[in-house]
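If you want the building blocks of each chain, they are given just below.
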Amino acid sequence: MINKKLLVIGAGLAQFDAIRKAADMGYYVLASDGSPDAPGLKIASEARVIDVKDIKGNLQWARDAKIDGVVSYASDITLPAVLSVREALGLPGLGRIPMETSLDKSRQRKIFKENRLPQPDFEIIENEHSLKDTVKRIGFPLVIKPVDNSGSRGVTMVEKPEQLLPAYFTARANSAKNAVIIEEFIEGTELTVEGFSVNGTHHILAISDKFKPEGSYRVAIQLTYPAAISFEQEREIVDLMRAAYDAAEVDNTPTHSEIILTSKGPKIVEIGCRGGGFFVFTKVVGAVSGYDIVANWTRLCAGDSVDEIKIAKRGVVLGFYAAAPGRLVSVKGLQEAQAMEGVETGLFIKPGEVVPELKTDGSRTGWMVVCGRDRAQAVERADIVRETVQFETVPL
C-alpha cells in the first residue's frame, strides 16, 4: 500500500468501524465531522471538525490535501458533499443521477412506475388540502412519510381518519422539501436487501427479514439473516432489485434497499445508494456473506481494484433493545451477554439518560450483532441475549 489519501466524510458511530478498517488497510485517512466528539475523528490520520453538509469546507480540505479518494459508508446526509468532492476532483464512485434518486422517494416512485416495477400505490402530497382525495383513493390503512428522510424519521402508519393530519404534519416537518408521500399499506414480510453494484453488475450480498412491534411507528427491532424465504422467492427478489437499480442508473456503490414480500410477489419500498446504517454495513453484511464490503467499497473509492465477489450465507441477527420510555435507571446482564460466543452488544442510551418512545430508529436503546453457523443458531443465541439483558426505567 502506498498510503493513498482517503477523505471520509462523517465520523460518527455508524462509520467508526469503516474508518478503522481503512486505516488498517494502509490508507492515510482524513476524516471530517461536525461534532468534535465524533469517535471516528480520534482514530483518523488527520481529522477536522467540518460539518458533513459543508460542501465548500470539505472540498477545500480535499483540494489542499490532494486526496486520492472520497467516501461515505452508511449515511444519507453525507452523500451530497461526497458527490461534490468526487465530481470536482474527478474521483471514482457513485454518480449524481443515482445519488439524487436515492435521496428522493418521490423520484424513485416515478421511475419505478415508468418502468412498471411492482411497488405500493402512492401519491405525492405538497399540501394538506389534497389529503382527502388521496386518502379516498388509496384507503386505510396507509403509510405517510417524508420524501427525503431516512431512519424511519417522520414515518407513520395511519389506520383512522383522526390520525391523518398529525401524521401528515409529522412527515412534513421531517422533509427538507416540505413534501410528503402517501402509500398504501401492504401486508407482507418486510425485507432488507444489501448489495454492491460494480461496473454495471448488481450483486446481492444479503437479505434479511424484519420484525417490527405493533404500533403506528414502523421501527424494526430485529433483522434476521438470511431471510426465511424460498429459493424461488429469492430469485424473484434479486431479479426485481437488479431491474430497479438499472432503472435508477445505479452503479459503483453499495446499496441498502427495502421490499415487501406479498402473496403476489415482492414490491419495492425504496432503494438506497449507501450501506445500511446501525452496523448493517460495517458489521453485518460481511458476517453474513463472507464478502468484505467495507474493504472493497474503500478500495473502489480510492481507485483500486476490488475482490471477486463470492457469497456465502451465514446466520446473523441484528437486534435492537427497546426499553420502556422513561429515565434509564439500570441495565443488567450486558457484560454477561458480551461474553457469549458470537455476540457483540452495546448501548445507545446509558443509565441516567432518557429512553424516548420508539418512534424512529434513533429511539432504540441498544444493539446486538449475533452470529451463528446458520439462521437457526443465530436466532437461538439472540433469544438468549434478549433474556439476559434487562432494563429498568422510571417514568419521567
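The coordinates are above.
Criteria and thresholds
- Residues numbered from 1 in each chain as written.
- Predicted model: local features only at pLDDT ≥ 70, side-chain atom pairs only at ≥ 80, totals over all residues.
- Heavy atoms only, no water.
- Pairing = 2+ DSSP bridges.
- Helix = DSSP H or I, 4+ residues; strand = E, 2+ residues; numbered from the N terminus.
- Axes fitted to C-alpha atoms, helices over the stretch in contact; angles between N-to-C directions.
- Salt bridge = Lys/Arg side-chain N within 4 Å of Asp/Glu carboxyl O.
- Buried < 20%, exposed > 50% of the residue type's maximum accessible area, 1.4 Å probe, protein only.
- 1 Å grid on protein atoms, 1.4 Å probe; cavity = no way out; pocket = protein on both sides within 12 Å on 5 of 7 lines; lining within 4 Å.
- Points joined across faces, edges and corners; volume = space filled by probe spheres on them.
- Contact = heavy atoms within 4.5 Å.
- Core = buried A, V, L, I, M, F, W, Y, C linked by side-chain atoms within 4.5 Å.

(A) Geometry of the sheet that holds strand β9 (residues 189-198). One open sheet accounts for eight strands, arranged β13-β12-β9-β10-β11-β14-β18-β16; its pairing is antiparallel. The open sheet has two edge strands with one neighbour each: β13 (265-270) and β16 (343-347). Strand after strand, the sheet turns through a mean of 25° between neighbouring axes, direction not considered. Here strand β12 (residues 253-262) runs beside β13; their pairing, made up of five bridges, is antiparallel. Bridged to Leu 261 within β13 is Pro 266.

(B) Up close: the pattern of salt bridges. Applying the stated rule across the entire model yields 24 salt bridges. For Asp 292, the salt bridge identified is with Lys 21, shortest N-O distance 2.8 Å. Taken together, the positions of Asp 292 in the loop between α9 (280-289) and α10 (293-301) and Lys 21 in helix α1 (residues 13-24) put the pair 271 residues apart, joining distant regions of the chain. Residue Asp 292 is classed as partly exposed on the basis of its relative accessible area, which comes to 31%. Here the salt bridges do not stand alone but share partners, grouping Asp 17, Arg 20, Lys 283 and Glu 344 into one network.

(C) Expanded view of empty space enclosed by the protein. On inspection of all chains with the given rule, the structure shows two cavities of 30 Å³ or more. Estimates place the volume of the largest cavity at around 80 Å³. Lining the largest cavity are 14 residues, and of these Ser 72, Leu 79, Leu 94, Cys 273 and Trp 297 sit closest to its centre. Elements with a contribution of two residues or more to the lining of the largest cavity: α3 (79-89) and β12.

(D) The environment of Leu 142, seen in detail. Relative to the helices and strands, Leu 142 resides in strand β6 (residues 142-146). Spatially, the C-alpha atom of Leu 142 lies 34 Å from that of Gly 346, the residues being 204 residues apart in sequence. Leave out the neighbours within four places in its chain, and Leu 142 touches Val 135, Thr 156, Met 157, Val 158, Leu 164, Ile 182, Glu 183, Glu 184 and Phe 185.

(E) Quick peek at the nonpolar core. Core analysis: the biggest nonpolar cluster contains 43 residues, and Leu 6, Tyr 73, Phe 196, Tyr 225, Ile 293 and Trp 297 have the highest contact counts within it. It is α10 that contributes the most residues to this core, six residues altogether. Setting aside anything within four residues of it in sequence, one finds Tyr 73 in contact with Leu 6, Val 8, Gln 15, Ala 18, Ala 22, Arg 274, Gly 275, Phe 281, Val 294, Trp 297 and Thr 298.

(F) Local environment of the sheet that holds strand β19 (residues 390-394). Taken in spatial order, the three strands line up as β17-β15-β19 in an open sheet, and their pairing is antiparallel. Every interior strand has two partners, whereas the edge strands, β17 (354-355) and β19, have only one. Sheet topology places strand β15 (residues 326-332) next to β17; two bridges connect them, and they run antiparallel. Paired with Gly 326 across the bridge in β17 is Val 355.

(G) A look at the pairing of β9. Burial within β9 is extensive, with nine of its ten residues counted as buried. Of the pairings in the sheet, the one linking β9 to β12 comprises nine bridges and is antiparallel in character. Directly across from Gly 195, in β12, lies its bridge partner Thr 255. Relative to strand β10 (residues 201-211), β9 is paired through eight bridges, and the arrangement is antiparallel. Residue Glu 194 lies in a different strand from β10, and its bridge partner there is Ala 206. Linking β9 back to β10 in an antiparallel pair, the connection comprises two residues, with Asn 199 at a positive phi of about 50°.

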